[in-house]
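# Observations on the model geometry
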Amino acid sequence: MRFFVFMLFLIFVFIGCDDSSNNKQNPLTDSDIESIVDENEPYTDEDTDLINDESIPVDEDICLDEDENSDVDPDTDIESDMDDAVDTDENDDDSDVCVNASERTASCGLNDNGTITQICNNGEWEDSGTCNDPDECINDLTRSVVCGYNNNGSLNQICTNGAWVDSGTCNDTDVCVNGSISSDQCGLNNTGVKVKNCVNGQWVYEECWTAHGMLLWSDVSPNTLTWDNAVTYCSNKGARIPTISELRTIVTDCNNTATSGVCTVIDSCLISSCVNSECIGCAEQSDGRYSYFGDTNYLWSASEYNDSYVWRIEFKTAAVSYSAKGNMYNSVRCVK
């Protein structure tokens, strides 16, 4: 029974510590005591007197003076314990993803088909060098590129396996590379050569230069010309007018004036005494039979009879004669 009384006394002391007005203990009532003491062990008057005896000294140091700093603060201890728990959690939450100075090879590039070396620095992977990527494009992308002889066309491409692949054909209207020069066969029996120059992506043909004998012969001039103008016309082609002997090499089916014919007007004999009756040629024909090229008109030669006249051939008859330089108009075939 005295044990319970002593416990009540301690409770009284601590309750007294919380009283803000004074540090004296308040006497307990009978009802307070009865709520604590076991009903089977009723307390005596002696017990009550012991509890309420104010003469029993109370060690006021048991209570904590709120005005004094305490070395132990229960709230502070709890807070400190919680901080320690948080700190422990933070230490456990490691944000590093790798071990410093370690290396690895990672994928990279347009389609992740390349490789790159990475080094762990401060717990993070960092690229070392550049990506070794074999791809040049992102798969399934499309584009239109220039194409053709002079890059005037267009072509669709699609990226397949990291490389551009043509989709369809080049839409180009050009047929040649600008500035290029070529030639085609032309003339009788394809023995001629037709030079062509590429301009704006299209072939521009020069006239057909037909090989005959040791020379290339041009087409006949589109218009008749004076002899001086004929010289200029051929010079502009990088060519010249044929001599009378060279002009006679295209005479056919007329033995009188053909090469080695009995007419004696040749490069080495151009004066009037060189003219004989055979130089009048053959019977007139309009079908071009007397010319290798089918000519039926007069053609100039480069051989001069004198200062005012030049030798020529009229191909309707294959006749060799001379004509005034300044006021007569004849056709010309240039040679080179």
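Computed from a prediction, not measured in an experiment: that's the story for all the values here. Each residue is numbered by its place in its chain's sequence as written, counting from 1. This being a predicted model, a pLDDT of at least 70 is required before a residue's local features are given, and a value of 80 or more before pairs of side-chain atoms are given or counted; all residues contribute to the totals for chains, interfaces and linings. Only heavy atoms go into the side-chain values, all of them from the structure, while hydrogens and water stay out.

Here we come to the overall build of the protein. A run of DSSP states H or I qualifies as a helix once it reaches four residues; a run of E qualifies as a strand once it reaches two. Both are numbered from the N-terminal end. Broken down by element type, the protein carries six helices and 13 strands. A simple rule labels every residue: compare its accessible area, found with a 1.4 Å probe on the protein chains alone, to the largest value its type can have, and call it buried under 20%, exposed over 50%, or partly exposed in between. Residues classed as buried in the protein amount to 30% of the 336 residues present. We call two residues in contact whenever any of their non-hydrogen atoms come within 4.5 Å of each other. Of the contacts formed within the protein by residues at least 6 apart in sequence, a portion of 46% connects residues at least 24 apart. Counting every atom, the protein has about 21,100 Å² of accessible surface; 47% of that belongs to carbon and sulfur. Residue exposure ignores everything except the shown protein chains as possible cover, and the areas themselves are Shrake-Rupley values with a 1.4 Å probe.

Let us look at the confidence of the model for the protein. Do not read the fine detail of predicted coordinates wherever pLDDT is low. Here the protein averages 83 in pLDDT, while 72% of its residues score no lower than 70. The predictor's confidence in any single residue is recorded as pLDDT, a number from 0 to 100. Here residues 20-25 is a poorly scored stretch, pLDDT under 50, and it has six contacts once near neighbours within four places are set aside; other chains count.

The side chains of a regular strand alternate between the sheet's two faces. Only strands joined by at least two bridges in the DSSP assignment are considered to pair. In the sheet, strand E7 (residues 181-186) pairs with strand E8 (residues 192-199) via six bridges, with the strands oriented antiparallel. Looking at the pairing, Ser182 lines up with Lys196 of E8.

One recurring pattern in soluble globular proteins: nonpolar side chains tend to sit buried together. To form a nonpolar core, buried Ala, Val, Leu, Ile, Met, Phe, Trp, Tyr and Cys residues must be joined to one another through side-chain atoms within 4.5 Å. Val265 and Val320 are the most contacted members of the largest nonpolar core, which totals 22 residues. Those elements that place two or more of their residues in this core are strand E10 (215-217), helix H6 (244-247) and strand E12 (309-314). Apart from the residues lying within four places of it in its own chain, the contact partners of Val320 are Ile244, Thr257, Cys263, Val265, Cys279, Trp311, Arg312 and Ile313. By size, the runner-up hydrophobic cluster in this structure holds eleven residues, among which are Leu225, Trp227, Cys234 and Val310.

Let's shift gears to the environment of Asn100. Topologically, Asn100 is positioned in the loop between helix H4 (74-92) and strand E1 (103-108). For the pair formed by Asn100 and Asn122, sequence separation is 22 residues and the distance between their alpha carbons is 6.1 Å. Beyond its immediate stretch of four places on either side in the chain, Asn100 contacts Cys120, Asn121, Asn122 and Gly123. Here a polar contact means two N or O atoms within 3.5 Å. Within protein one must be a hydrogen donor candidate and the other an acceptor candidate, and residues neighboring in sequence count only if both atoms are side-chain atoms. Of note is the side chain of Asn100, whose polar atom sits 3.0 Å from the backbone nitrogen of Asn122. A polar contact is formed between the side chain of Asn100 and the backbone nitrogen of Gly123, at a distance of 2.7 Å.

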